[in-house]
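Here are the chains, one letter per residue:
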Amino acid sequence: MPKHAQLREILRALASDELLPGSPVPSERELAVRYGVSRLTVREAVGQLVAEGLLVRVRGKGTFTTRPRVDSQLHLASFTEDMLRRGMHPETVLLEAAEAIPPEDTADALGLAPRGTAYWLHRLRKADGAPMAVERGWYHAGLLPGLLHQDLTDSMYTLLDRRYGVQLETGTQTVLAEGADADTARLLGVRPGSPVLVFRRIATAQGRPIEDMTSWYRGDLYQVTMQLDRDPSGSGHHRPTIRPT
């Protein structure tokens, strides 16, 4: 086995079995001295593990082990419920909460009257202490009186159910990818322009729109899995749907 391949497997075992997620990996120079190989060999071995997603290079800081990605199955559930189901500890930081006039597309999505107000929430969501997502969105004020006086650092869906008897049942969700802007990158602990997955969800209860939420998830910690079935019409097209849990 070539030296770079031998070193790659040594580093793979180190990253998988000995180092915690997010831990620094010894420098190229240290690895070259420790294993008696050239820095070029080290660079090639590390590069292969970076390509596999097991390691990540951070400019100016070094190379680190990656955290395992959280996998979403695209169902209608709150972030808190989603993380708890995976055995992770969820945490929410409330950054901003206000009552304001939303953008026109949100007013239309929530079925608001002209110049009608909605509740604006801006929250940072964490899992096991790591920033996972930034949420910015709106809730129907007329259907959720006094929402801003409630505890907004826990599961929003549980709060809506217990306090207002509102159970979100269906929704439409759009998923896209983009580079994180400066503010989102700062909150997520990544560099501006880093890849993020963007989810815009409009959720309803008994046919009445309640929530218009957009979430930015770290691309290195989150992934989406969908089950695809061939369209019975034979066109081959598939439109993912959100199903309540």
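Throughout what follows, the structure given in this document is the object of discussion. Every chain begins its residue count from 1, and numbering advances along the sequence as written. The model is predicted, so local features are restricted to residues of pLDDT at least 70 and side-chain atom pairs to those at 80 or more, both for listing and for counting; the totals for chains, interfaces and linings are taken over all residues. The basis for every side-chain value is the complete set of non-hydrogen atoms in the structure, without hydrogens or water.

1. Details of the overall build of the protein chain
The condition that has to hold: For the purposes of this entry, the term helix denotes a DSSP run of H or I that reaches at least four residues, the term strand denotes a run of E that reaches at least two, and both are numbered from the N terminus. Working definition: with a 1.4 Å probe on protein chains only, accessible area under 20% of the residue-type maximum means buried, over 50% means exposed, and in between means partly exposed.
Secondary structure summary: the protein chain contains 7 helices and 12 strands in total. For the protein chain, buried positions account for 42% of its 245 residues.

2. Section: the pairing of strand β9 (residues 195–205)
We count it as follows: Strands are labelled as partners when DSSP assigns at least two bridges between them.
Burial within β9 is extensive, with 8 of its 11 residues counted as buried. Of the strand pairs in this sheet, strand β8 (residues 170–179) and β9 are connected by 10 bridges, and their pairing is antiparallel. When the sheet's bridge partners are listed, Thr174 is paired in β9 with Arg200. Judged from the 10 bridges that link them, β9 and strand β10 (residues 208–218) form a sheet pairing that is antiparallel. Along β10, the bridge assignment pairs Arg200 with Thr214. Hairpin remark: β9 followed by β10, antiparallel, with 2 residues in the connecting loop; positive phi at Gln206, about 50 degrees.

3. Description of the pairing of strand β2 (residues 62–65)
The sheet contact formed by strand β1 (residues 55–58) and β2 spans 4 bridges and is antiparallel. Looking across to β2, one finds that Leu55 is bridged to Thr65. Where β1 folds back on β2, the antiparallel hairpin that results is connected by 3 residues, among which Gly60 adopts a positive phi of roughly 80 degrees.

4. Points about the packing of aromatic side chains
Just so we agree on the cut-off: Geometry of aromatic contacts follows a simple scheme: Phe, Tyr and Trp rings, the Trp one being its six-membered ring, pair when their centres are within 6.5 Å, and the pair is stacked under 30 degrees between planes, edge-to-face over 60, tilted otherwise. Only when the NZ atom of a Lys or the CZ atom of an Arg is both within 6 Å of the ring centre and within 35 degrees of the ring normal do we say a charge sits over the ring.
Counted according to the given criterion, the structure contains 2 aromatic pairs. Ring centres of Trp120 and Trp138 lie 5.1 Å apart, and the angle between their planes is 55 degrees; on these two criteria the pair is classed as tilted. Separated by 18 residues along the polypeptide, Trp120 in strand β6 (residues 118–127) and Trp138 in strand β7 (residues 130–140) bring together distant segments of the chain. Of the residues examined, Trp120 reaches a relative accessible area of 18% and is grouped as buried. A relative accessible area of 9% means that Trp138 is categorised as buried. With centroids separated by 5.3 Å and ring planes inclined at 80 degrees, the aromatic side chains of Phe199 and Tyr217 adopt a geometry described as edge-to-face. With a gap of 18 residues between them, Phe199 in strand β9 and Tyr217 in strand β10 connect regions that are remote in the sequence. Of note, Arg136 hangs over the ring of Trp216, and the distance from its end group to the ring centre comes to 4.7 Å.

5. Notes on the sheet that holds β10
Worth spelling out the cut-off: Here an axis means a line fitted to C-alpha atoms, over the contact stretch when the element is a helix, while the angle between two N-to-C directions is reported on a 0 to 180 degree scale.
Strand order in the open sheet formed by 6 strands is β5-β6-β7-β10-β9-β8, with antiparallel pairing between adjacent strands. One side of each edge strand has no neighbouring strand; the edge strands of this open sheet are β5 (90–100) and β8. If you compare each strand with its neighbour and ignore which way they point, the axes differ by 15 degrees on average.

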